[in-house]
Amino acid sequence: MARKPRTRVPALDAPRGRSGMLSRSPQPSRDRFGRFTEWVARAMGTPVFLMALSLFCILWLVWNTMLPLELRFDSAANGFTALTLVLSLQASYAAPLILLAQNRQDDRDRVQIEQDRQRAERNLADTEYLAREIVALRMAMTDVSSQAVTRDALRDELKALLEDLDARSSGEPDHVTAEREERRRRADRREKAERDARER
């Protein structure tokens, strides 16, 4: 009796439909290709590339005009067709590569602009927060100074009230009480003037 081949039971600790890392086919990285396009765009925009291309064209023309006929591979009679094809092929690949590099740079600039905008918003929020804190601190300092003045004024009033009570209990004459009241009113006016000058 022939045995049935055993079917492989899938592992329960791995998601279904996923194979291991080793069985994956390597895929070209988009970032690697993007770096390659930027390298091509940078290389084509240099004087070295222009001089090398010019030297290549001059050597091609000299080779196909000055050397014997059996060594020439591009005919001047046909208008250097092979050179035209080579330059056209180079231009047809260079233009899309440069456009891809430019699109990549545009994406990078867009991300940079977005990060700058977020940074500016954070700086603005921090500045507004600091401004509010400074205003709150200034208001608290003003309240503290006005509370200190109020405390001093309250202390002076209590002292004056105690003097009045002592004077009444000791039977002080009315003109002495009136003089003390006048002194107190003058001191209050002077204190109020000093407070107004400080607030200005």
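The structure presented is a predicted model; accordingly, all values stated were derived computationally and were not measured.

**As for the overall build of the protein chain**
Assigned secondary structure in the protein chain consists of four helices and zero strands. Of the regular secondary structure in the protein chain, the N- to C-terminal order runs α-α-α-α. Of all 200 residues assigned to the protein chain, the portion counted as buried reaches 10%. Sequence-distant contacts in the protein chain: of pairs separated by 6 or more residues, those separated by 24 or more amount to 52%.

**Focus: the side chain of Thr37**
Of note, Thr37 is situated in helix H1 (residues 30-44). Thr37 sits in the buried class, given a relative accessible area of 1%. For Thr37, the side chain forms a polar contact with the main-chain oxygen of Gly34, separated by 2.6 Å. Dropping the residues within four chain positions of it, Thr37 is found in contact with Leu97, Leu100 and Ala101.

**Details of the confidence of the model for the protein chain**
Any residue range with low pLDDT should be treated as having predicted coordinates unsuitable for detailed reading. When pLDDT is averaged along the protein chain, the result is 79; 80% of the residues meet or exceed 70. Within the protein chain, helix H4 (residues 174-199) has the poorest average pLDDT of any element, 77, and helix H2 (residues 47-66) the best, 90.

**Describing a nonpolar patch on the surface**
Side chains of Leu154, Leu158, Leu161, Leu162 and Leu165 sit close together on the surface and give an oily, nonpolar patch of about 500 Å² of accessible area. Here Leu165 is to be found in helix H3 (residues 81-170). On the basis of relative accessible area, Leu165 is assigned to the partly exposed category, the value being 48%.

**A few points about unusual backbone geometry**
Leaving glycine out, the prevailing phi sign among residues is negative, and the prevailing peptide bond configuration is trans. The backbone of Phe80 shows a phi angle near 55°, a positive value even though the residue is not glycine. Structurally, Phe80 can be placed in the loop between H2 and H3. Taking the relative accessible area as the measure of exposure, Phe80 reaches 16% and is therefore buried.

**A closer look at the packing of aromatic side chains**
The full count for this structure, using the stated rule, is four aromatic pairs. Three or more aromatic residues joined by ring pairs make a cluster, and in this case those are Phe33, Phe36 and Trp39.

**Quick look at H2**
Because each turn of an α-helix spans 3.6 residues, side chains separated by three or four positions in sequence point in the same direction. Across its 20 residues, H2 extends 28 Å between first and last C-alpha, which sits within 8% of the 28 Å expected from 1.5 Å per residue. Of the positions making up H2, those classed as buried are Cys57, Trp60 and Asn64. Projection of H2 onto a plane perpendicular to its axis shows the buried side chains occupying an angular sector of 60°, all on one side. More than 90 degrees from the buried face of H2, the exposed residues found are Pro47, Val48, Met51, Leu59 and Met66.

**Examining the pattern of salt bridges**
Scanning the entire structure with this criterion turns up eight salt bridges. Across the pair Arg117 and Glu121 runs a salt bridge, and its minimum N-O distance is 2.5 Å. Here the residue Arg117 and the residue Glu121 both occupy positions in helix H3, the gap between them amounting to four residues, near one helical turn. Note on Arg117: relative accessible area 39%, which makes it partly exposed.

**A few points about the side chain of Asp74**
On the secondary structure map, Asp74 appears in the loop between H2 and H3. There is no salt bridge for the buried Asp74, and the closest opposite charge comes from Arg72, which lies 10 Å off by N-O distance. There is a polar contact of 2.9 Å between the side chain of Asp74 and the side chain of Trp60. The contact partners of Asp74, leaving out residues within four places of it in the chain, are Trp60, Asn64, Phe80, Thr81, Ala82 and Leu83.

Calculation criteria
Residues numbered from 1 in each chain as written. Predicted model: local features only at pLDDT ≥ 70, side-chain atom pairs only at ≥ 80, totals over all residues. Heavy atoms only, no water. Helix = DSSP H or I, 4+ residues; strand = E, 2+ residues; numbered from the N terminus. Buried < 20%, exposed > 50% of the residue type's maximum accessible area, 1.4 Å probe, protein only. Contact = heavy atoms within 4.5 Å. Polar contact = N/O pair within 3.5 Å; in protein donor to acceptor, adjacent residues only side chain to side chain. pLDDT = per-residue confidence, 0-100. Patch = residues over 30% accessible without salt bridge, like charges linked within 9 Å, V, L, I, M, F, W, Y side chains within 5 Å. Areas by Shrake-Rupley, 256 points an atom, 1.4 Å probe, with all protein chains shown as cover. Salt bridge = Lys/Arg side-chain N within 4 Å of Asp/Glu carboxyl O. Phe/Tyr/Trp six-rings, centres within 6.5 Å; stacked < 30°, edge-to-face > 60°. Expected span 1.5 Å × (residues − 1). Arc of directions from axis to C-beta. Lys, Arg positive; Asp, Glu negative; His and termini not counted.

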